[in-house]
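Residue-level structure breakdown
Single-letter residue listing:
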Amino acid sequence: MSSAYVIHADFYQTDREGMALEMPSSYLLVRDGRVVSLTTSRPDVSDATFLDWSGLLVIPGLTDLHVHASQYQFRGLWMDEELLEWLNAHTFPEEAKYKEISYASQAYRIFTDDLLHSATTRAAIFATIHEDSTLLLARYLEEAGIAAYVGKVNMDRNSVPELTEDSEASVMSTLSFIEKMKDFKNVKPIITPRFIPSCSDWLLDELACIAKERGLPVQSHLSENQSEGEWVHSLCPESVSYADAYRRHGLWGGVPTIMAHCVYSMEAEPGLMRNEDIFVAHCPDSNTNLSSGIAPARWFLENGVNMGLGSDVAGGTTLSILRAITDAVKVSKLRWRLVDQRFRPLSFREAFHIASRGGGAFFGGVGGFDEGMEADLVALDDSVRKTAIKDLSLEERLERHAYLAPEEPVTHKMVKGRLLF
Ligand code: GUN
Ligand code: FE
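The structure reproduced in this document is the subject of the present report. From a predicted model like this one, the values you see are computed outputs, not experimental measurements.

**Structural notes on the packing of aromatic side chains**
Inspection of every chain in the model, using the stated rule, returns 13 aromatic pairs. Residues Phe279 and Phe362 carry aromatic rings whose centres are separated by 5.1 Å and whose planes lie at 80° to one another, so their mutual orientation is edge-to-face. Highlighted residues: Phe279 in strand E13 (residues 278–282) and Phe362 in the loop between helix H12 (348–360) and strand E15 (377–380), separated in sequence by 83 residues. The same class applies to Phe279 and to Phe362, which are both buried. Taking NZ or CZ as reference, Arg75 lies 3.8 Å from the ring centre of Tyr72, over its face. The ring of Tyr140 is capped by Arg109, whose NZ or CZ atom sits 3.8 Å from the centre of that ring.

Here it is, written out as structure tokens:
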């Protein structure tokens, strides 16, 4: 079905090099899901629907490169422990509830609705070990029009009994999940070994084979917390680092791969990080809440490592990637001031670039308004917080909105050229 729109609004984006591109009162022409042009004069087309969003700030849709849909119900709760205690005390028991499809249905509806009204247009999502409820989440996202990777989580060791799979059953259910996802358009499966402590050597090897044979992407966690790192070392004594443990099991690139956190990667695995298939999901809010540390985002940038931002709910408290942007800036300042003065803090623009084009690269290149790009965008009403200042640039308006009203529902949203609202 052919569809075309001309949108009149104030457009802000960064270019491929991360420079700001401001287009006040301009016209975006979208046709068949893709950007055709962004111009200061109205394009002369007769078959396009005109959307008058004058005065609204339109930005490329943002990518949440790491989020646990199955943890959304307890966001904002239980923040007094570190990772391993938090997983055992709160996270695993909560995730076990998703065996019940009625609980999963209620919870995933809430998650999908809130994600829909956020500034996120693309997401890489962890569900739980449960195939049926993970499929339900995928269906809700597909119906909502969000473009996402959804992972049925694999775990066959070191969890509570009610959240532990038989190893072979874990593989079979992953294959079955992939098969059932084959007719989905916008939501795709992603291989999701939770992290090294949750998966036996055999399971990791099998999952690597599935990913490579089918060309499926992978997501997992890496070097988030010091106790976790020591545990991985004791589980895999032959590995020289945590990343090397994934590498030895065939889970280090070859297919696009997201590794969440990488707080300790600069010291432990600098050489391994420069793999073009590996994307770091930087999750500053979660790293703060779980006292994990501060990931060296500037070091990743300087070393050409792919990076996007993640909410990591419920380690993170909010789905807002606008909040993740300002959190990334804040923690980079603390790291620079308190930890390592070699790496200057991120600017607002840099953090925005990471959240838009950085994470968007995992989805084949979204996060801007370049000609031919899939048209993902959101409209923000930054008049919700008043100011007497009249001459703010578009970048300043966005910065102010991100700091003051990051969870404000977006006013309009388009994904792949489809207007969701
Ligand atoms: N490492 C393994 N599982 C998890 C999880 O659910 N959240 C976070 N933040 N780290 C993890
Ligand atoms: Fe996580």
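**Quick notes on the coordination of the iron ion (ligand 2)**
At the metal site, the iron ion (ligand 2) is ligated by His66 (NE2), His68 (NE2), His221 (NE2) and Asp312 (OD), and these contacts range over 2.0 to 2.3 Å. Every donor counted, the 4 donor atoms about the iron ion (ligand 2) form angles of 89 to 173° at the centre, which fits irregular coordination. Spacing between the donor residues of the iron ion (ligand 2) along their common chain follows H-x1-H-x152-H-x90-D. In this structure His66 comes out as buried when scored by relative accessible area, which is 0%. Judged by its relative accessible area of 3%, His68 is buried.

**Here's the deal with the sheet that holds strand E9 (residues 187–189)**
Taken together, the 4 strands give an open sheet; going across it, the order is E5-E6-E7-E9, and neighbouring strands pair in parallel fashion. Two strands lie at the open edges of the sheet, namely strand E5 (62–68) and E9, each paired on one side alone. Sheet twist, expressed as the mean angle between neighbouring strand axes with direction ignored, is 20°. Where E5 and strand E6 (residues 120–126) come together, 5 bridges link them in parallel fashion. Bridge pairing in E6 places Leu62 opposite Thr120.

**Notes on unusual backbone geometry**
A cis amide bond links Val313 with the next residue in sequence, Ala314, at an omega value of 10°. Tracing the chain through its elements places Ala314 in the loop between strand E14 (306–309) and helix H11 (321–339). Positive phi, normally seen in glycine, also occurs at Asp32, with a value near 50°. Among the structural elements, Asp32 can be located in the loop between strand E2 (20–31) and strand E3 (34–39). The residue Cys262 is not glycine, and still its phi comes out positive at about 55°. Take Cys262: it is sitting in the loop between strand E12 (257–261) and helix H8 (265–268).

**What to know about the side chain of Ser320**
Along the chain, Ser320 falls in the loop between E14 and H11. Relative accessible area serves as the criterion here: at 9%, Ser320 is assigned to the buried category. Within the structure, the side chain of Ser320 is placed 3.3 Å from the backbone nitrogen of Leu322, a separation counted as a polar contact. A distance of 2.9 Å separates a polar side-chain atom of Ser320 from the backbone nitrogen of Arg323.

**Remarks on helix H3 (residues 131–144)**
Compared with the 20 Å implied by 1.5 Å per residue over 14 residues, the 20 Å span of H3 between its first and last C-alpha is a close match. Taken across its 14 residues, H3 has 11 buried, putting it largely inside the fold. Each element contacted by the buried residues of H3 is listed here: helix H2 (101–116), E6, strand E7 (147–151), helix H4 (167–180), E9 and strand E17 (418–419). Of the residues one or two after H3, Gly145 is the one with positive phi, at around 90°.

**Overview of the site of ligand 1**
With respect to spatial proximity, 13 residues lie near ligand 1, and among them His68, Gln71, Arg194, Glu224 and Asp312 are the closest. With respect to ligand 1, the side chain of Glu224 contributes an N or O atom lying 2.7 Å from a nitrogen atom. At 2.7 Å, a side-chain N or O of Asp312 approaches a nitrogen atom of ligand 1. The protein chains hide 100% of the 280 Å² of surface that ligand 1 would expose on its own. Taken together, the residues of the shell around ligand 1 sort by class into 5 nonpolar, 5 polar and 3 charged.

**A closer look at the sheet that holds E14**
Pairing within the open sheet is parallel, and its 4 strands lie in the order E11-E12-E13-E14. Each edge of the open sheet carries a strand with a single partner, namely strand E11 (218–222) and E14. In this sheet, neighbouring strand axes are inclined to one another by 30° on average, regardless of whether the strands run parallel or antiparallel. Note that E13 and E14 share 4 bridges and pair parallel. If you follow His282 over to E14, its bridge partner there is Leu309.

Analysis parameters
Residues numbered from 1 in each chain as written. Chains lettered and ligands numbered in written order. Predicted model: local features only at pLDDT ≥ 70, side-chain atom pairs only at ≥ 80, totals over all residues. Heavy atoms only, no water. Phe/Tyr/Trp six-rings, centres within 6.5 Å; stacked < 30°, edge-to-face > 60°. Helix = DSSP H or I, 4+ residues; strand = E, 2+ residues; numbered from the N terminus. Buried < 20%, exposed > 50% of the residue type's maximum accessible area, 1.4 Å probe, protein only. Lys NZ or Arg CZ within 6 Å of the ring centre and 35° of its normal. Donors = N, O, S within 2.8 Å, 3.2 Å for Na, K, Ca; no water. Tetrahedral: all angles 85-135°; square planar, octahedral: opposite > 155°, others 65-115°. Pairing = 2+ DSSP bridges. Axes fitted to C-alpha atoms, helices over the stretch in contact; angles between N-to-C directions. Polar contact = N/O pair within 3.5 Å; in protein donor to acceptor, adjacent residues only side chain to side chain. Expected span 1.5 Å × (residues − 1). Contact = heavy atoms within 4.5 Å. Near = heavy atom within 4 Å. Areas by Shrake-Rupley, 256 points an atom, 1.4 Å probe, with all protein chains shown as cover. Nonpolar A, V, L, I, M, F, W, Y, C, P; charged D, E, K, R; others polar.

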